[in-house]
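Structural characterization, general
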Amino acid sequence: MSLSLLSAERLRTFARGRTVFYAEQAPTVSEPMTIRPSQPPNDSLPNVLSSAIDPGSERFQSNAASMRSLLAEFDAEQATIRQGGGAKAMEAQHKKQRLTVRERLELLLDPGTEFHELSIYAAHDMYAEYGGAPAAGTVTGVGRVVGRLVMIIANDATVKAGAFFPMTAKKVLRAQNIALENHIPTLYLVDSSGVFLPLQEDVFPDQDDFGRVFRNNAVMSARGIPQMTAIMGMCVAGGAYLPVMTDHVLMTEGSGLFLAGPALVQAAIGQKVSAEELGGATMHAEISGTVDFKEPNDHLCLARLRSLVSRLGHPAAAPFDRVAYDDAKDAPKYSAEDLLGIVNPDPATASQSYDMHAVIARIVDGSRFDEYKPDYGQTLLCGYARIGGFAVGIVANQKLHRTQVTHTGEKHMEFGGVIYPESADKAARFIMDCNQNLIPLIFLHDVNGFMVGRDAEWNGIIRSGAKMVSAVSNSVVPKISVIIGGSFGAGNYAMCGKAYDPRFIFAWPTAKYAVMSGASAANTLVEVRIKQMERKGHALSDAEKKALFDSTKAAYDHQTDPRYAAARLWVDAIIDPRKTRDVLRMALEAAALNPDVPRFNPGILQT
């Protein structure tokens, strides 16, 4: 029977009929950290957020309609990416009696659980001269196997035979780094022809290139992070080191594991040898002793892998506080569906303000939020909450304009989404408090940057901003970032952008990621261009200025699109706003697998 005609359930049934014992049902698994009994909320505390959002308003309806249209566009793109190399390549995989990468994942993961795929847009709109590389020819993500949270790194052999493009190596390294930081058990499904030779100079030699994968294998092993590899196709050249540097190696019949394939061996030393004799599963199981388990096919190999995962030990308890959580009782008081209508996704009018409290109210347990210094530095919201029972500290940009009173009693307007000196001071103090008390941090970005101008400079905006950046830089508790709207300039740094080691960084489809917004950048660049041309004696007409502005803004807007960022791994995933809470719960659970928290040393702070 063709493998393409077998459903996941029939494959599981077939697998059960061919083996003595493979774990197929997820057993009850102890939690990786101590969970305290939940305490009833203190009704005397006014910490349940209220929400003035009107789902029936014209503005809400318009925002929601635009967001649904944008999500449909993203869903369609991702569905295409999941097709990998296309129908013909999938058929070729089946003719080899091998499953496609996503068929393998369906068998490996626990039924009915969600696979949080990471970096699906990796290499998006790149390598066109080579026919593209959907998802960089590999699938990575966090899911459950026999109840355990695991990182999965799997080659897609339908994309250039699973070859490593430059972005493939970087995608694998990002998944490994997430596993390293969070101590997530990691499973590799190998089916790769090795380095994509036309681009070898960008894959092979540098610190963040292919060789770093094997270095990470060794470091993860030294730190006691479980790793297992299932070879279900080709595993050649330098890539052959990966499986052998993990804890367990499984290999299917018909697969190949060798440093050099038959053609290269003949060219190098004149020896003629078949692939099976050179590096087949039987040879490695019986002669070299390289593989631990030889399996007849993909589905039995994956069943064996599940069985091995079921026997993993459990790490020491993490020091972060978590209480028992009840989905019905502790859910937010407001619907996640409302998140579609709060933020305006239309780039032409996306500057409209909104209350970030409304977002927080829809992602935290019971919509309960103990806001820190709510009347001071109001363009940044800081406070304590729980997500899935985990205690968290939240730092979020407030998009409403606020009136602030100075030390002299004068009032002035502060613009939403801008970080002012007192906002930065408050956030720095709050971040240090969370580190002192072992509370993971969640950053919700919609930031234009730091305030500029004479008043801001006189009030020490650089000093205050440096204090916040320093606190973020030296933070030792898990940090997780969600880019909701803009994340521009130094504001991205202060809000824990990619350069500041967030454990995970997610983006809504409305995210914009750059030094400054498209309009601001275009105005600046066009002004410089106009002055250059005027110095040469050429004065531009208004129509020429507009055309120059429009073309510059279009190019810049393309680069601020979240897909551009995701293609280059600046964000780990673009998520549906309605799944923000679920994604954060997964990220917090993953972070809690690592019980080790270094001593917090904030260093020298400007005062």
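Here, every reference points to the structure presented above.
Here we summarise the structure given alongside this text. (Residues numbered from 1 in each chain as written. Predicted model: local features only at pLDDT ≥ 70, side-chain atom pairs only at ≥ 80, totals over all residues. Heavy atoms only, no water.)

**Thoughts on the overall build of the chain**
Selection rule: Only DSSP runs of H or I reaching four residues or more are called helices, and only runs of E reaching two or more are called strands; each is numbered from the N terminus. Using C-alpha atoms as the atom set, the radius of gyration is obtained and then compared with a globule rule of 2.2 Å times the number of residues to the power 0.38. Here a residue-residue contact requires only that any non-hydrogen atoms of the pair lie within 4.5 Å. Exposure was quantified through the Shrake-Rupley algorithm and a 1.4 Å probe, taking into account, for residues, occlusion by the shown protein chains and nothing else. Only four residue types enter the charge count, namely Lys and Arg as positive and Asp and Glu as negative; His and the chain termini do not. By convention, charge coordinates are those of NZ in Lys, CZ in Arg, CG in Asp, or CD in Glu.
Helix and strand counts for the chain come out as 21 helices and 20 strands. Here the chain has a C-alpha radius of gyration of 26 Å; the compact-globule value for 607 residues is 25 Å, and the two agree. Within the chain, contacts between residues separated by at least 24 positions form 76% of all contacts whose residues are at least 6 apart in sequence. When the accessible area of the chain is evaluated, it comes to approximately 26,400 Å², of which 53% is carbon and sulfur surface. Charged side chains of the chain number 61 positive and 66 negative; the gap between the two group centres comes to 2 Å.

**Concerning the packing of helix H4 (residues 101-108) against helix H11 (residues 298-309)**
To describe two helices that pack against each other, one gives the angle between their axes and the distance between the axes. Convention followed: To obtain an axis, a line is fitted to C-alpha atoms, over the contacting stretch when the element is a helix, and the angle between two such axes runs from 0 to 180 degrees between their N-to-C directions. Each angle is binned into one of four classes, with values under 35 degrees roughly parallel, values over 145 roughly antiparallel, values of 65 to 115 roughly perpendicular, and all other values oblique. Here a crossing is taken to be left-handed if its near helix is turned anticlockwise relative to the far helix by less than a right angle, and right-handed if that turn runs clockwise. For this classification, Asp, Glu, Lys and Arg are treated as charged, while Ala, Val, Leu, Ile, Met, Phe, Trp, Tyr, Cys and Pro are nonpolar and the rest, including Gly, are polar.
At a minimum axis distance of 9 Å, the contact between H4 and H11 shows a crossing angle of 40°. By the angle class used here, H4 and H11 are oblique. Helix-helix and strand crossings are classified by hand; for H4 and H11 the assignment is right-handed. Contact residues: H4 offers Arg104, Leu107 and Leu108, while H11 offers Asp298, His299, Leu302, Leu305 and Arg306. A breakdown of the residues in the contact of H4 with H11 according to their chemical character gives four nonpolar, one polar and three charged.

**Quick word on the packing of aromatic side chains**
Stated formally: Pairs were defined over the aromatic rings of Phe, Tyr and Trp, the Trp ring being its six-membered one, requiring ring centres within 6.5 Å. Orientation was assigned from the angle between planes: stacked under 30 degrees, edge-to-face over 60, tilted for the rest. Throughout this description, buried means an accessible area under 20% of the type-specific maximum (1.4 Å probe, protein chains only), exposed means over 50%, and partly exposed covers the range between. In this scheme, the term charge over a ring applies when either NZ of a lysine or CZ of an arginine sits within 6 Å of the ring centre and within 35 degrees of the ring normal.
One pass over the structure, following the stated rule, counts 11 aromatic pairs. With centroids separated by 5.7 Å and ring planes inclined at 10°, the aromatic side chains of Phe504 and Phe506 adopt a geometry described as stacked. Judged by its relative accessible area of 0%, Phe504 falls in the buried class. Owing to a relative accessible area of 1%, Phe506 belongs among the buried residues under this scheme. A cation over an aromatic ring shows up here: Arg568 above the ring of Tyr564, its NZ or CZ 3.5 Å from the ring centre.

**Considering the pattern of salt bridges**
Let me state the cut-off plainly: For salt bridges, the criterion is a side-chain nitrogen of Lys or Arg within 4 Å of an Asp or Glu carboxyl oxygen.
Considering all chains together, one arrives at 26 salt bridges under this definition. When the shortest N-O distance is used, the salt bridge between Glu73 and Arg563 registers 2.8 Å. Here Arg563 lies in helix H20 (residues 562-567) and Glu73 lies in helix H2 (residues 58-81), a separation of 490 residues in the sequence. Residues Arg306 and Asp110 are paired through a salt bridge, measuring 2.9 Å at the closest nitrogen-oxygen approach. On the criterion of sequence distance, the pair formed by Arg306 in helix H11 and Asp110 in the loop between H4 and strand E1 (116-118) is long-range, its members being 196 residues apart. We classify Asp110 as buried; its relative accessible area is 6%. Here the salt bridges share partners, and the residues they tie into one network are Arg68, Glu337, Asp576 and Arg578.

**Considerations on helix H10 (residues 281-288)**
All of the buried residues along H10 are Ala281, Met283 and His284. Positive backbone phi, approximately 70°, marks Gly289, located one or two places after H10.

**Quick look at unusual backbone geometry**
Excluding glycine, most residues fall at negative phi; most peptide bonds, likewise, are trans. Unusually for a residue other than glycine, Val146 sits at a positive phi of about 40°. Look at Val146 and you get buried, because its relative accessible area is 1%.

**Here we look at the state of the cysteines**
Which entries qualify depends on this criterion: The disulfide criterion used throughout: a pair of cysteine sulfur atoms within 2.5 Å.
For the coordinates displayed, the defined rule picks out zero disulfides. Here Cys496 stays free of any disulfide, with the sulfur of Cys434 as its closest cysteine sulfur at 13 Å. Its relative accessible area of 0% is what places Cys496 among the buried residues.

**Remarks on the nonpolar core**
The nonpolar side chains of soluble globular proteins are, as a tendency, buried together. We count it as follows: Remark: nonpolar core denotes a set of buried residues (Ala, Val, Leu, Ile, Met, Phe, Trp, Tyr, Cys) joined through side-chain atoms within 4.5 Å.
If you look at the biggest cluster of nonpolar residues, it comprises 73 residues, and the most contacted ones within it are Ile360, Ile394, Leu444, Phe504 and Phe506. With seven residues, helix H5 (residues 166-182) is the largest single contributor of residues to this core. Ala424, Val447, Val477 and Cys496 belong to the second largest nonpolar core, which has 29 residues in total.

**Here we look at the packing of helix H14 (residues 421-436) against helix H16 (residues 461-473)**
Contact geometry of H14 with H16 gives a least axis separation of 8 Å together with a crossing angle of 25°. Looking at the two axes, H14 sits roughly parallel to H16. Relative to H16, the crossing made by H14 is left-handed. Contacts between H14 and H16 involve Pro421, Ala424, Asp425, Ala427, Ala428, Ile431 and Met432 on the former and, on the latter, Ile461, Ser464, Gly465, Lys467, Met468, Ala471 and Val472. When its residues are assigned to classes, the contact of H14 with H16 shows 10 nonpolar, two polar and two charged.

**Description of the environment of Ser66**
Structurally, Ser66 can be placed in helix H2. Residue classification places Ser66 among the partly exposed residues on the basis of a relative accessible area of 29%. Separated by 46 residues in the primary sequence, Ser66 and Gly112 place their C-alpha atoms 30 Å from one another.

**Description of the side chain of Glu117**
For Glu117, the location among the structural elements is in strand E1. Classification of Glu117 by relative accessible area gives buried; the value is 13%. Once residues within four sequence positions are removed from consideration, Glu117 is found in contact with Arg82, Arg102, Val139, Thr140, Gly141 and Ala573.

**Comments concerning the pairing of strand E11 (residues 390-397)**
Put simply, the rule reads: Two strands form a pair only when DSSP identifies at least two bridges running between them.
E11 sits mainly inside the fold: eight of its eight residues count as buried. Between strand E10 (residues 380-387) and E11, which pair antiparallel one after the other, the connecting turn spans two residues, and Gly388 there sits at a positive phi close to 60°.

**Notes on the side chain of Asp191**
The following threshold applies: Distance and chemistry together define a polar contact, namely a pair of N or O atoms within 3.5 Å, with one atom able to donate a hydrogen and the other to accept it when in protein, and with adjacent residues in sequence counting only for side-chain atoms on both sides.
Tracing the backbone shows Asp191 in strand E4 (residues 186-192). Asp191 gets classed as buried once you look at its relative accessible area, which sits at 3%. A polar contact is formed between the side chain of Asp191 and the side chain of Arg104, at a distance of 3.2 Å. Excluding anything up to four places from it in sequence, Asp191 contacts Gln93, Arg98, Arg104, Asn155, Ala157, Ala161, Gly162, Met232, Gly233 and Met234.

**With respect to the pairing of strand E5 (residues 227-236)**
Put simply, the rule is: Handedness of a crossover: with both strands directed away from the viewer, a clockwise path from the first strand across the helix to the second marks it as right-handed.
The element E5 is extensively covered by neighbouring structure, given that nine of its 10 residues are classed as buried. Relative to E5, E4 runs parallel, the two sharing six bridges. Opposite Tyr188, over in E5, you have Thr229 as the bridge partner. One crossover worth recording links E4 to the parallel E5 by way of helix H6 (residues 211-222), and it is right-handed. Summarising the sheet, E5 and strand E6 (residues 248-252) pair through four bridges and their orientation is parallel. Note that in E6 the partner of Met228 across the bridge is His248. For E5 and strand E7 (residues 256-258), the ladder comprises three bridges, and the chain directions are parallel. Bridged to Met234 within E7 is Gly256.

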